Amino acid sequence: MASKLKQSNRAGWLMALPGAGLIGLFIIIPFVLAFAFSLTNQRLASPNPTEFIGLENYSELLGLAVFTLEPERDDAGNAVVEDGEIQYPRLRKFTRKNAEFPHLDGKREWFSWQSGENRTVVLASDVVFMKALMNTILFVIVVAPLQSAIALTLALLINQKLRGISLFRAIYFMPVVVSIVIVSILWKFIYSPGDGLLNNILSAFTFGAFEPHDWLGDTSTALGSIIAMSIWQGVGFHMVIWLSGLQTISPTLYEAAEIEGSKKWQTFRYVTWPGLRNTAVLILIVITMQAFALFAQIDVMTQGGPLDSTQVLVFQAVERGYGKQDISGGSTISVILFVIVLSISFVQRWLTRERK
Amino acid sequence: MADVTLKGIKKSYGAVDVIKGVDIDIKDGEFVVFVGPSGCGKSTLLRMIAGLEDITGGTLEIGDRVVNDIPASERGIAMVFQSYAIFPHMTVRENIAFGLTIAKTPKAEKDEKVMEAARILQMENLLERRPSQLSGGQRQRVAIGRAITRNPQVFLFDEPLSNLDAALRLDMRMEIGRLHKSLDATMVYVTHDQVEAMTLADKIVVLKDGYVQQVGSPMDLYHKPDNLFVAGFIGAPSMNFLDVDIISRDANSAKVNSKSVAEFGVDVWREGLDQTSKATLGIRPQDLYPVSEGGLLKGNVTLTERLGTETVVDIRLSDGNRLLASLGEDRIFEHGQEIRLDFDHKKAHLFAPATQ
Ligand SMILES: Nc1ncnc2c1ncn2[C@@H]1O[C@H](COP(=O)(O)OP(=O)(O)OP(=O)(O)O)[C@@H](O)[C@H]1O
Ligand SMILES: [Mg+2]
């Protein structure tokens, strides 16, 4: 009996081996390596030996400081004003090897605001990383609710017995099947300045009143354009997940609600939405993770530009690790991203937990 | 409270006719049970009354009002489903109050009605539970409670007890019977359990293949079945059928016999027996009793089932036909033992021969 059990165990392990091996090779080992590299100064190719440097990579990325600049004053003690603007000492004085302000050393201005005569400056060790972080968070905050809401709307529309409804399902799902790289290239054409498709359509609808716009070349529209295109591309996938959730709700519940005189939105509120709870949790987590992993669109369409307005974390990780050969820097970004996504998943799970 | 009248009701799904013209009168306060084999259209008929299925042809009246085109919620009906159809994420209280919540009933009135329903169903102590914490019988009680708070003119039940085990079914059956007496409402009840039908119904409607076979009180159907189907469907074990020849007949009776049945006189009142010399004789197993001498039937015991209060004997007649006899006492028979049976000639039924 015992030997039989052992044998079947061995067979089981053998069968699990290919899958487990691949997971180990491509997920677990790289993850452990990334974590290890993030504590060193490893470079892609370097004559110098690798050294353990502790959390230095993290402090170089995450270092922040707030500093208040006081205006330059004349002898009377009034702020010096030139061309209507208050003059301040140059930031450099404080951030370049100034023994009085060691915590500002090497940091650069991220953003600032005026308060009275003083100017408050937020400094970051790595401004590009901070921009990437903020853009990524903005992307997630916009995409997660919008994409899931649109996907749910489509799923509700499509979850009906109508002639030809499966055609619509196919159409909405199509962008998901096409490679994101190809989609990105196509949308680059759509957004292209001058006579791109979007500009053409807009000027056609406004009878030529619309001035062609460089959607991806303008810092104020670049990220928005990428958000719109990403939602379009992913919405079909989430629609299908919603649809499967919708179909787990028993039709007799709808009939019971119908008999009680429930109106459409009441049925949604009392029957459909509670029945979609688990699906909603799944979709939110999946969308959030996918949104944090934003890369291909940026890589193909903007390369993080213009003026870092579309920098995002994964693009930065790749850019540093391979572009700048700074593997440890790239690894550090990956680990930070992992921690963020993990914590968000936990928070989402907690927020959407079943309340007793 | 209201009458329900079905006139020439028809239902087709595409080219498939499911209900082929049904006329039923249900009086105010009556308990009517639809019975019939699986797939005969019981549920379809009930759902048409409820307003969950379109009516293909005929008119449906509830309380002097033609309701063919009136939505389910305005027909004054409540329905209890086989699968309970209670909302899993709501407490018992919320489930019972669902219709009132939908209608935005003031809280005080709502609480009062919920308590009333809970009192009728003796489930005041369960109000704060969720459906997952209830037994099947309790869940069905919640569904009935929801129906009660609607204060409907007509209660509709679609096999409400078939998901319950035998003991619970008996309890709930009696409870529904009590409910009918205390509410004095019109009830239409679908089942394929003939015990439910016999015990609950004021009037039974036997359906087969989309047609009404017979309508009548349980005892009418038991003692005076119109045709072979009803005779075989009502009563357990089923009525015995034997092919016989008509030897002579006058206006109200006939003399019949066969290889295994000695000649005797039987009442004739059913249609289709005028132009024929062949007929089918029906005898209920309970009407047979063993005799030591004489008797119209003779055969050998092949199987006995002793149930304590009755003994069901399977008998092979001399011409090879099988016959069941149900004796109201505990008796022991040897396998193969010869047995002579007799019956009250008044209780024999003569049917037109089965047309295959
Ligand atoms: N949506 C539909 N489309 C086509 N045929 C249907 C549809 N719904 C039911 N039917 C058919 O109608 C017939 C009657 O169905 P119904 O559900 O009324 O049977 P039933 O008497 O309630 O049977 P059961 O005792 O098994 O519940 C069946 O033959 C079924 O196949
Ligand atoms: Mg049915």
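Residues numbered from 1 in each chain as written. Chains lettered and ligands numbered in written order. Predicted model: local features only at pLDDT ≥ 70, side-chain atom pairs only at ≥ 80, totals over all residues. Heavy atoms only, no water.

Chemist: Explain the site of ligand 1 to me, please; I cannot follow it from the model alone.
Modeler: All names here are of chain B. Every residue close to ligand 1 is listed here: Tyr 13, Val 18, Ser 38, Gly 39, Cys 40, Gly 41, Lys 42, Ser 43, Thr 44, Glu 159 and His 192. A distance of 2.8 Å separates an oxygen atom of ligand 1 from a polar side-chain atom of Lys 42. Summarising the interface, the protein chains cover 57% of the accessible area of ligand 1, which totals 640 Å² for the free molecule. (Near = heavy atom within 4 Å. Polar contact = N/O pair within 3.5 Å; in protein donor to acceptor, adjacent residues only side chain to side chain. Areas by Shrake-Rupley, 256 points an atom, 1.4 Å probe, with all protein chains shown as cover.)

Chemist: I keep staring at the nonpolar core and nothing clicks. Help me out?
Modeler: Soluble globular proteins tend to pack their nonpolar side chains together in the buried interior. Formed by 100 residues in total, the largest nonpolar core has its most connected members in B:Leu6, B:Phe34, B:Leu45 and B:Leu156. By residue number, the principal contributor to this core is helix 4 (residues 127-158) of chain A, which donates 14 residues. Leave out the neighbours within four places in its chain, and B:Phe34 touches B:Ile24, B:Lys42, B:Leu45, B:Ile49, B:Val188, B:Tyr189, B:Val190, B:Thr191, B:Val205 and B:Leu207. Counting residues in hydrophobic clusters, the runner-up holds 43 residues, among them B:Val114, B:Leu161, B:Ala185 and B:Leu221. (Core = buried A, V, L, I, M, F, W, Y, C linked by side-chain atoms within 4.5 Å. Buried < 20%, exposed > 50% of the residue type's maximum accessible area, 1.4 Å probe, protein only. Helix = DSSP H or I, 4+ residues; strand = E, 2+ residues; numbered from the N terminus. Contact = heavy atoms within 4.5 Å.)

Chemist: Can you help me understand the sheet that holds strand 13 (residues 264-267) of chain B in this one?
Modeler: Backbone-to-backbone hydrogen bonds join strands into a sheet, with any given pair of strands oriented parallel or antiparallel. Residue and element names in this part refer to chain B. Pairing within the open sheet is antiparallel, and its 5 strands lie in the order 13-12-11-14-20. The sheet is open, and its two borders are formed by strand 13 and strand 20 (349-351), each paired with just one other strand. In this sheet, adjacent strand axes meet at a mean angle of 50 degrees when their direction is disregarded. Pairing of strand 11 (residues 240-249) with strand 12 (residues 253-257) involves 4 bridges; the strand directions are antiparallel. Across the sheet, Asp 245 pairs through a bridge with Asn 257, a residue of strand 12. (Pairing = 2+ DSSP bridges. Axes fitted to C-alpha atoms, helices over the stretch in contact; angles between N-to-C directions.)

Chemist: Before we go on, may I ask you to explain the side chain of B:His349 in this structure?
Modeler: All names here are of chain B. Mapped onto the secondary structure, His 349 falls in strand 20. At 3.1 Å, the side chain of His 349 forms a polar contact with the side chain of Arg 270. Those residues within four positions of His 349 in sequence are excluded, and the remaining contacts are His 223, Pro 225, Met 239, Arg 270, Thr 280, Leu 281 and Gly 282.

Chemist: Would you mind going over the packing of aromatic side chains with me for this structure?
Modeler: For any two aromatic rings, the description comes down to two numbers: the centre-to-centre distance and the angle of the planes. What the rule picks out here adds up to 17 aromatic pairs over all chains. Summarising the aromatic geometry, the rings of A:Phe31 and A:Phe338 are spaced 4.7 Å apart at their centres and angled 65 degrees between planes, so their arrangement reads as edge-to-face. Of the two residues, A:Phe31 sits in helix 1 (residues 2-37) while A:Phe338 sits in helix 14 (residues 327-351), which places them 307 residues apart along the sequence. Judged by its relative accessible area of 37%, A:Phe338 falls in the partly exposed class. Grouping aromatic residues by their ring pairs yields a cluster made of B:Phe31, B:Phe155, B:Phe157 and B:Tyr189. Against the face of B:Tyr13 rests B:Lys11, its NZ or CZ located 5.0 Å from the ring centre. One cation-aromatic arrangement involves B:Lys224 over B:Trp269; the distance from NZ or CZ to the ring centre is 4.6 Å. (Phe/Tyr/Trp six-rings, centres within 6.5 Å; stacked < 30°, edge-to-face > 60°. Lys NZ or Arg CZ within 6 Å of the ring centre and 35° of its normal.)

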